[in-house]
Amino acid sequence: MRGQGRKESLSDSRDLDGSYDQLTGHPPGPTKKALKQRFLKLLPCCGPQALPSVSENSVEDEFELSTVCHRPEGLEQLQEQTKFTRKELQVLYRGFKNECPSGIVNEENFKQIYSQFFPQGDSSTYATFLFNAFDTNHDGSVSFEDFVAGLSVILRGTIDDRLNWAFNLYDLNKDGCITKEEMLDIMKSIYDMMGKYTYPALREEAPREHVESFFQKMDRNKDGVVTIEEFIESCQKDENIMRSMKLFDNVI
Amino acid sequence: MAAGVAAWLPFARAAAIGWMPVANCPMPLAPADKNKRQDELIVLNVSGRRFQTWRTTLERYPDTLLGSTEKEFFFNEDTKEYFFDRDPEVFRCVLNFYRTGKLHYPRYECISAYDDELAFYGILPEIIGDCCYEEYKDRKRENAERLMDDNDSENNQESMPSLSFRQTMWRAFENPHTSTLALVFYYVTGFFIAVSVITNVVETVPCGTVPGSKELPCGERYSVAFFCLDTACVMIFTVEYLLRLFAAPSRYRFIRSVMSIIDVVAIMPYYIGLVMTNNEDVSGAFVTLRVFRVFRIFKFSRHSQGLRILGYTLKSCASELGFLLFSLTMAIIIFATVMFYAEKGSSASKFTSIPASFWYTIVTMTTLGYGDMVPKTIAGKIFGSICSLSGVLVIALPVPVIVSNFSRIYHQNQRADKRRAQKKARLARIRVAKTGSSNAYLHSKRNGLLNEALELMGTPEEEHMGKSTSLIESQHHHLLHCLEKTTNHEFIDEQMFEQNCMESSMQNYPSTRSPSLSSHPGLTTTCCSRRNKKTTHLPNSNLPATRLRSMQELSTIHIQGSEQPSLTTSRSSLNLKADDGLRPNCKTSQITTAIISIPTPPALTPEGESRPPPASPGPNTNIPSVASNVVKVSAL
């Protein structure tokens, strides 16, 4: 019965407390916010730092500079900068552009794409770390060049390059060494991706224990942090890690 | 996993680099890419329109036709492309599904055509994206309702020879057009309902004075007459109720249904009145009970479709009605309070309390304005006018919703009836086409005989005899001919068969219905059960002797033209005709009472004659497939 679809509209009390616009059904926020910001921009006291927040509401603010369309550099330049062949770059770009028509990935998008590969668990934290690792210039978005540069290191770089890249991933604050807290965050994010239904069941202390064993292996001078040299040295001594690094040779 | 994201799988695998250094165990081996071919363009030729896409795009969904090796069946070696003889418009949507991961439903497309295409390409319709899903579901539901409607009406028209007495009775009650008796019963009960209601009404009319006393209502003046009438009506209603109760397939459900409750409420007061004596204490309650007699008028809803639709509408608009009531109540309370306090000051005000003001508010809001309560103070008048204005608004808002609902349901019903009427005409036309094809076979058989005769005689005139048929037709006819030879029976047309049936039945067998005649589920009528059905059709309809199974009064279609092929065959053994010899499990009839008779000119089968079916030893009879629901227009 078509009448039943209307039951929701009668039982909604959202229209009474002003949290959504009766006409369009959207929260009344963005239009009001846009007007307010446009007003604020007219005032001399508000400088350009107000602008970045504007561009985040890119869906509603059509009258702002929103539709950012980023085009990558030419194929030849990318071929020089990365170790991919022309065809590989073409395939990569087609996939990239399909998912992100505007040419850049922001963190939300990135997390969403990555979460589709891990349906059971929560991969958002790890995706954030990845995003920060790919976003080399820290501007909050990953363009195709960043993307392909990162992939080039992982898939076509030497073992040392790859280890470097992994270290960069682990070092959350980019200060050149991995502390136990950073490692714990990383470990928790990896375990989060497993989700709830694992065998054997995940215990609370599992990440911490794993971190302890990692530090035992990696931290040579037992100073509580792992530097890049310690990291690379310990990894080169570990056969498993070396072998697993070779897995990336055949991904594309 | 969405298709578009499949392109990001290399990235996801690369991102696993973060796990390697922390892993304690060795990693599993990676799957080898066996045929690492470069991505290539595939050309898909759909009815001439060429689509091109990457092979990997199609391989995103390996469990569909295009994504699996099934498409190799459609590969055309000469042109090196995949050719599909299907609709290119729908293919556009299908291919977009592979590209974007979202399946859209174009609104201009017919729902069953679209479903067929999806089924062909192996795509589940559930994947349709949210943007188009609602539209798709709505159209699908309408289509399903239409199909169900058609099925229902057909089921009503088929005769199931093995109905028990109880089931026939129930069908007669539910559908009065199925038999004369049911129709008579229907009208009789309708008449008595009307009589009963009118009696109730007339009972209270003052009837003229008896000298010496005051004016009496008719009910008391002619109390005996009215009592007799009432008794008669209640008798009829009771009998009807008991019969329905007996015939109902599920008595428990019947008792709980609305109509049966109305029936019970209509007849209960009478019995209660019989049981109770003229006790002064209870006679007050007794009078109240008599009010329930007016519920008999609701029994008319069995007789009127419009009334049923109204009831159904009210039921389906329950939420709107509830809203209307609720908002009215709110408004009434508010305005009654306001008016009460506004009029409190004025002397001799009728607004003695808030509940007393309710009456004023209701009368004002519905713009009735009796005038028995009127505000006298200025504040009262101001608020009174606001009250009447708001009343108009509050009532006018939900009413169009109810009206539009009623209109939609009513039109749906109209459309259903119209479809049923149209369907008969359509089926008739289709039948003409079909008999055309079967007649073609018989025609060509005759010509074939002539051919053989001529060949025997050795004349060259055989050339211009049988060459008018196409290759397909001649192959089909050959096939039917082979079937005839296999079973040693021959095809004839229906006219002949009916005559033969008639003649054979004159001779023998008491009339028993043999329900074993049709064991074939798809073909549910035998020629002979058809006869039995004919006995019960309406006297005032002008149905010709046709295969038309509908017994609707409203049928005015004469199919007669199609039933008089101009040819007569020279053979007249008792055979059944099969319109398509391609059904592997059909055998021709094994009716053994073979009567050779000279074919009389085709005549309409006389109506109303009850002909017993000839007993058939074999359970598998090939029924004239005209009775089936399968309508085949092509010759094959």
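Keep in mind that this is a model prediction, so the values were computed, not measured.

Undergrad: Explain the overall build of chain B here, please?
TA: A tally of helices and strands in chain B yields 21 helices and six strands. Split into buried and exposed, the 636 residues of chain B put 39% on the buried side. Intrachain contacts of chain B at a sequence separation of at least 6 include 68% that bridge at least 24 residues. Counting every atom, chain B has about 35,200 Å² of accessible surface; 63% of that belongs to carbon and sulfur.

Undergrad: Looking at this structure, I do not really get the UniProt feature "transmembrane region" (unreviewed entry) in chain B. What am I missing?
TA: UniProt's entry tags residues 181–202, 222–243, 255–276, 321–342, 354–370 and 382–403 of chain B with the feature "transmembrane region" (unreviewed entry), counted in the numbering of this structure. Secondary structure content for residues 354–370 of chain B is 71% helix and 0% strand, and the end C-alpha separation is 18 Å.

Undergrad: What exactly am I supposed to notice about the confidence of the model for chain B here?
TA: Atomic detail in the predicted coordinates should be set aside for any region of low pLDDT. Residue and element names in this part refer to chain B. Here chain B averages 74 in pLDDT, while 70% of its residues score no lower than 70. At the low end of the mean pLDDT range in chain B sits helix 21 (residues 527–535), at 42; at the high end sits helix 16 (residues 354–365), at 93. Note that pLDDT drops below 50 for residues 458–466; the model gives that stretch nine contacts with residues more than four away or on any other chain.

Undergrad: Just to check I follow, could you spell out the pattern of salt bridges for this structure?
TA: If charged atoms from side chains of opposite charge come close, those side chains can pair. All names here are of chain A. One pass over the full model with this rule turns up 26 salt bridges over all chains. Between Arg-162 and Asp-249 there is a salt bridge; the shortest N-O distance is 2.6 Å. Highlighted residues: Arg-162 in helix 9 (residues 159–170) and Asp-249 in the segment after helix 13 (239–245), separated in sequence by 87 residues. Relative accessible area serves as the criterion here: at 2%, Arg-162 is assigned to the buried category.

Undergrad: Help me understand a nonpolar patch on the surface, please; the structure alone is not making it clear to me.
TA: On the surface, a cluster of nonpolar side chains totalling about 380 Å² of accessible area is made up of B:Ile378, B:Ile382, B:Phe383 and B:Ile386. Turning to its location among the elements, B:Ile382 is positioned in helix 17 (residues 378–396).

Undergrad: Would you mind showing me how to read the packing of aromatic side chains here?
TA: Note on aromatic pairs: each is described by the distance of the centres and the angle between the planes. Scanning all chains against the criterion turns up 50 aromatic pairs over all chains. Between A:Phe147 and B:Trp8, the aromatic rings sit 4.9 Å apart at their centres with planes inclined by 45 degrees, giving tilted as the arrangement. On the criterion of chain membership, the pair formed by A:Phe147 in helix 8 (residues 144–156) and B:Trp8 in the loop between helix 1 (3–6) and helix 2 (9–15) is interchain, its members lying in two chains. Aromatic side chains B:Phe351 and B:Tyr360 sit 5.2 Å apart centroid to centroid with 75 degrees between the ring planes, which places their arrangement in the edge-to-face category. Considered together, B:Phe351 and B:Tyr360 belong to a single accessibility category, that of buried residues. For the cation-ring pair, A:Lys180 lies above A:Phe215, with the distance from its terminal atom to the ring centre recorded as 5.5 Å. Between B:Lys299 and the ring centre of B:Phe237, over which it is positioned, the NZ or CZ distance is 4.7 Å.

Undergrad: Please explain helix 7 (residues 165–174) of chain B as it appears in this structure.
TA: Since the α-helix packs 3.6 residues into each turn, any two residues three or four apart lie on the same face. Residue and element names in this part refer to chain B. Of the positions making up helix 7, those classed as buried are Met-169, Trp-170, Ala-172 and Phe-173. When helix 7 is viewed along its axis, its buried side chains cluster within an angular range of 160 degrees and face the same direction. Its buried side turned inward, helix 7 meets helix 8 (180–202), helix 10 (223–247) and helix 11 (251–256).

Undergrad: How do you make sense of the pairing of strand 1 (residues 41–46) of chain B when you look at a structure like this?
TA: Two faces make up the sheet, and in a regular strand the side chains alternate between them. Residues and elements named next belong to chain B. Most of strand 1 sits out of view: five of its six residues are buried. Across six bridges, the pairing between strand 1 and strand 2 (residues 49–54) is antiparallel. Note that in strand 2 the partner of Asn-45 across the bridge is Arg-50. Connecting strand 1 to the antiparallel partner strand 2 that follows it, the hairpin turn spans two residues, and Ser-47 within it adopts a positive phi of roughly 50 degrees. Note: strand 1 against strand 4 (residues 81–84), three bridges, orientation parallel. Residue Leu-44 lies in a different strand from strand 4, and its bridge partner there is Tyr-82.

Undergrad: Would you take a moment to explain the UniProt feature "domain: EF-hand" (unreviewed entry) in chain A for this structure?
TA: All names here are of chain A. When the UniProt feature table is mapped onto this chain numbering, "domain: EF-hand" (unreviewed entry) sits at residues 122–157, 158–193 and 206–241. With 67% helix and 8% strand, residues 122–157 has end C-alpha atoms that lie 29 Å from one another. A helix fraction of 69% and a strand fraction of 8% characterise residues 158–193, whose end C-alpha atoms lie 28 Å from each other.

Undergrad: When you look at the nonpolar core in this model, what are you seeing that I'm missing?
TA: Within soluble globular proteins, side chains that are nonpolar generally end up buried alongside one another. A:Tyr114, A:Leu130, A:Phe147, A:Met183, A:Phe231, B:Trp8 and B:Phe11 are the most contacted members of the largest nonpolar core, which totals 61 residues. At seven residues, the largest contribution of residues to this core is made by helix 7 (residues 124–134) of chain A. Judged by nonpolar contacts, the second largest core, of 26 residues, contains B:Ile42, B:Leu66, B:Ile111 and B:Tyr114.

Undergrad: Could you clarify how one ought to interpret the sheet that holds strand 3 (residues 75–76) of chain B in this entry?
TA: The strands that make up a sheet are held in pairs by hydrogen bonds between backbone atoms, and each pair lies either parallel or antiparallel. Residues and elements named next belong to chain B. If you trace the four strands from one edge of the open sheet to the other, you get 2-1-4-3, paired in mixed fashion. Looking at which strands have only one partner, the edges of the open sheet turn out to be strand 2 and strand 3. Each of strand 1 and strand 2 is contacted by helix 4 (residues 88–100), which is oriented at about 5 degrees to strand 2, the strand it contacts most.

Undergrad: How should the interface of chain A and chain B be read in this particular structure?
TA: When the parts come together, some accessible area is lost, and that loss is often what is quoted as the size of the interface. The partner chain B presents 41 residues to the 49 residues of chain A that form the contact. Per-element tally for the side of chain A that touches chain B: the top contributor is helix 5 (residues 86–99) of chain A, with six residues. Grouping the amino acids of the side of chain A that touches chain B by side-chain chemistry returns 34 nonpolar, seven polar and eight charged.

Undergrad: I would appreciate a short explanation of the environment of B:His477 in the present structure.
TA: Residues and elements named next belong to chain B. One can find His-477 in helix 19 (residues 471–487). Since its relative accessible area comes to 8%, His-477 is described here as buried. Measuring from C-alpha to C-alpha, the distance between His-477 and Ser-438 comes to 9.4 Å, with 39 residues separating the pair along the chain. When near neighbours in sequence (up to four residues on either side) are disregarded, His-477 contacts Ala-440, Tyr-441 and Ser-444.

Undergrad: When you look at the side chain of B:Arg293 in this model, what are you seeing that I'm missing?
TA: Residues and elements named next belong to chain B. By the element assignment, Arg-293 lies in the loop between helix 13 (280–291) and helix 14 (305–316). Here Arg-293 falls in the buried class, since its relative accessible area comes to 6%. Side-chain polar atoms of Arg-293 contact the side chain of Asp-230, separated by 3.2 Å. Not counting residues up to four positions away in its chain, the partners in contact with Arg-293 are Asn-200, Glu-203, Asp-230 and Pro-269.

So, how was this worked out
Residues numbered from 1 in each chain as written. Chains lettered and ligands numbered in written order. Predicted model: local features only at pLDDT ≥ 70, side-chain atom pairs only at ≥ 80, totals over all residues. Heavy atoms only, no water. Helix = DSSP H or I, 4+ residues; strand = E, 2+ residues; numbered from the N terminus. Buried < 20%, exposed > 50% of the residue type's maximum accessible area, 1.4 Å probe, protein only. Contact = heavy atoms within 4.5 Å. Areas by Shrake-Rupley, 256 points an atom, 1.4 Å probe, with all protein chains shown as cover. UniProt positions renumbered as here; feature names shortened; annotations may be inferred. pLDDT = per-residue confidence, 0-100. Salt bridge = Lys/Arg side-chain N within 4 Å of Asp/Glu carboxyl O. Patch = residues over 30% accessible without salt bridge, like charges linked within 9 Å, V, L, I, M, F, W, Y side chains within 5 Å. Phe/Tyr/Trp six-rings, centres within 6.5 Å; stacked < 30°, edge-to-face > 60°. Lys NZ or Arg CZ within 6 Å of the ring centre and 35° of its normal. Arc of directions from axis to C-beta. Pairing = 2+ DSSP bridges. Core = buried A, V, L, I, M, F, W, Y, C linked by side-chain atoms within 4.5 Å. Axes fitted to C-alpha atoms, helices over the stretch in contact; angles between N-to-C directions. Nonpolar A, V, L, I, M, F, W, Y, C, P; charged D, E, K, R; others polar. Polar contact = N/O pair within 3.5 Å; in protein donor to acceptor, adjacent residues only side chain to side chain.

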